[in-house]
Amino acid sequence: MIHVQHLHKTFRTRQGPLEAVRDVSFQIARGEIVGYLGPNGAGKSTTIKVLTGLLVPDRGRVEVGGLIPWEERRRHVARLGAVFGQRTTLWWDLPVQDSLELLRHVYRIPQARFRENLAAFTELLELGPFLGTPARALSLGQRMRADLAAALLHDPELLFLDEPTVGLDVVAKERIREFVRHVNREHGVTVLLTTHDLGDVERLARRVMIIDHGQLLYDGDLARLQTRYGSARELVVDFEEAPADPQVSGLELLGTDGPRVRYAFTGAAAGPIARVTAHAPVRDITVKEPDIEATVRRIYEGGLLRSGVG
Ligand SMILES: Nc1ncnc2c1ncn2[C@@H]1O[C@H](COP(=O)(O)OP(=O)(O)OP(=O)(O)O)[C@@H](O)[C@H]1O
């Protein structure tokens, strides 16, 4: 669906040329959901702008669904949808329903199709209570839901989501994620998701790409990122009683709190568990996985992967 090869984009700034994207290559297959991560200023938006046809790269080959985005913008745009968490595509003073109606004209969506999609999205996103409300009076969560419906009314094959859950509470985030999963699963919509919220990525994407300073640092499985670059796992052990000597060979002692002792370890848990249970009588053991947030932060900070992609 998306083919990017050796993409370069440099901006001219007062401080001189700024290489926003440097030699980025990736492919995204139809029906994938890919998380695109990177710290502020990493080059995510620049990549997306090239993919949507808003920016022309200096060098590189970009093809989306067989089209070169900036050369065939009209045909290209008809096949994609985009939601930017910080902006709305809805008309500020119009009731949501009227904005959607206007988009029907813009995209020349056949009436029957429009009605069908609107009914489906109204149900899935629970738009009913605020279809008559102007965009400016919507809560952030309602606005995001209306924007998602607006982006998908014309049955795009590809959806760009930029911070789709920013500022939302847990329930509202979950509703958005559920809907994205639905359109991906039921309609095969390919999704490129830019976010700082790793919860979005964990819930939606199996694959992540990480960019920093314009360079792709990682492209692969989220799970593999965790096993290869994650910090140590944690073993939380509740001994029958506080052990006189909590040290267990081969395990790093993290802390003690009465009978509860925490250890760090890497790799499989079976060995450490056997060693701990041989050490003293144990009531309960849990394994805590390192959180993905910490892993990604380590990658940004340490340039862990700079030597190569994946
Ligand atoms: N039109 C422009 N003119 C000059 N510099 C730009 C322009 N657009 C982006 N940049 C610079 O290019 C670099 C990459 O920016 P980009 O917006 O792609 O980052 P980003 O990863 O999307 O960041 P964020 O998470 O903050 O949105 C930044 O240093 C930014 O300041």
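Provided above is the structure to which this section pertains.
The rules we used
- Starting afresh in each chain, residues are numbered from 1 along the sequence in its written order.
- It should be noted that, the model being predicted, local features are given only for residues of pLDDT at least 70 and side-chain atom pairs only at 80 or more, the latter also being counted only at that level, while totals for whole chains, interfaces and linings use all residues.
- Processing note: side-chain calculations cover all non-hydrogen atoms of the structure and skip hydrogens and water entirely.
- A pair of strands is treated as paired once DSSP finds two or more bridges between them.
- Helix and strand definitions follow DSSP, with helices as H or I runs of at least four residues and strands as E runs of at least two, each counted in order from the N terminus.
- Working convention: axes come from line fits to C-alpha atoms, limited for helices to the stretch in contact. Angles between N-to-C directions cover 0 to 180 degrees.
- We call two residues in contact whenever any of their non-hydrogen atoms come within 4.5 Å of each other.
- Relative accessible area decides the class of each residue, using a 1.4 Å probe on protein chains only: under 20% of the type maximum gives buried, over 50% gives exposed, and in between gives partly exposed.
- In protein, a polar contact means a hydrogen-donor-capable atom and an acceptor-capable atom, both N or O and within 3.5 Å, with residues adjacent in sequence counting only if both atoms are side-chain atoms; elsewhere, any N or O pair within 3.5 Å suffices.
- Ring pairs are drawn from Phe, Tyr and Trp, using the six-membered ring of Trp, whenever the two centres fall within 6.5 Å, and their geometry is named by plane angle: stacked under 30 degrees, edge-to-face over 60, tilted for the rest.

Q: How would you summarise the sheet that holds strand β4 (residues 59–64) if you had to cite specific residues and measurements?
A: The strand order across the open sheet built from three strands is β2-β1-β4, with neighbouring strands paired in antiparallel fashion. Taken across any chain shown, the strands that pair with only one partner, and hence form the sheet edges, are β2 (16–28) and β4. Taking each pair of neighbouring strands and ignoring which way they run, the sheet shows an average axis angle of 30°. Looking at chain direction, strand β1 (residues 2–13) and β4 are connected through five bridges and run antiparallel. Across the sheet, residue Q5 finds its bridge partner in β4, namely R61. Those strands touched by helix α1 (residues 44–52) are β1, β2 and β4, and its axis lies near 115° from that of β1.

Q: Could you give an account of unusual backbone geometry, naming the residues involved and the relevant values?
A: Phi is positive for H6, close to 50°, though the residue is something other than glycine. Locating H6 in the fold gives a position in strand β1. In this structure, E163 is a non-glycine residue whose phi angle is positive, near 50°. Here E163 shows up in the loop between β6 (158–162) and α6 (170–187). Among the residues examined, E163 registers a relative accessible area of 9% and is labelled buried.

Q: Please give an account of the side chain of R177 that cites residues and values.
A: Relative to the helices and strands, R177 resides in helix α6. A polar contact of 2.7 Å, which involves the side chain of R177, links it to the side chain of D200. Leave out the neighbours within four places in its chain, and R177 touches T165, D197, G199, D200, R203 and L204.

Q: Lay out the packing of aromatic side chains in plain terms, naming residues and giving numbers.
A: Throughout the structure, instances matching the rule amount to two aromatic pairs. Relative to Y36, the ring of F26 has its centre 6.4 Å away and its plane inclined at 50°; by these criteria the two rings are tilted. In this pair, F26 is assigned in strand β2 and Y36 in strand β3 (residues 33–37), connecting sequence segments 10 residues apart. Across the pair, Y36 and F26 agree in class, each one buried. Look at F121 and F179: their rings are 5.6 Å apart centre to centre, the planes differ by 85°, and that puts the pair in the edge-to-face class. A residue pair is termed long-range when its members are at least 10 positions apart, and F121 in helix α4 (residues 111–125) and F179 in helix α6 qualify at 58 residues. When sorted by exposure, F121 lands in the same class as F179, which is buried.

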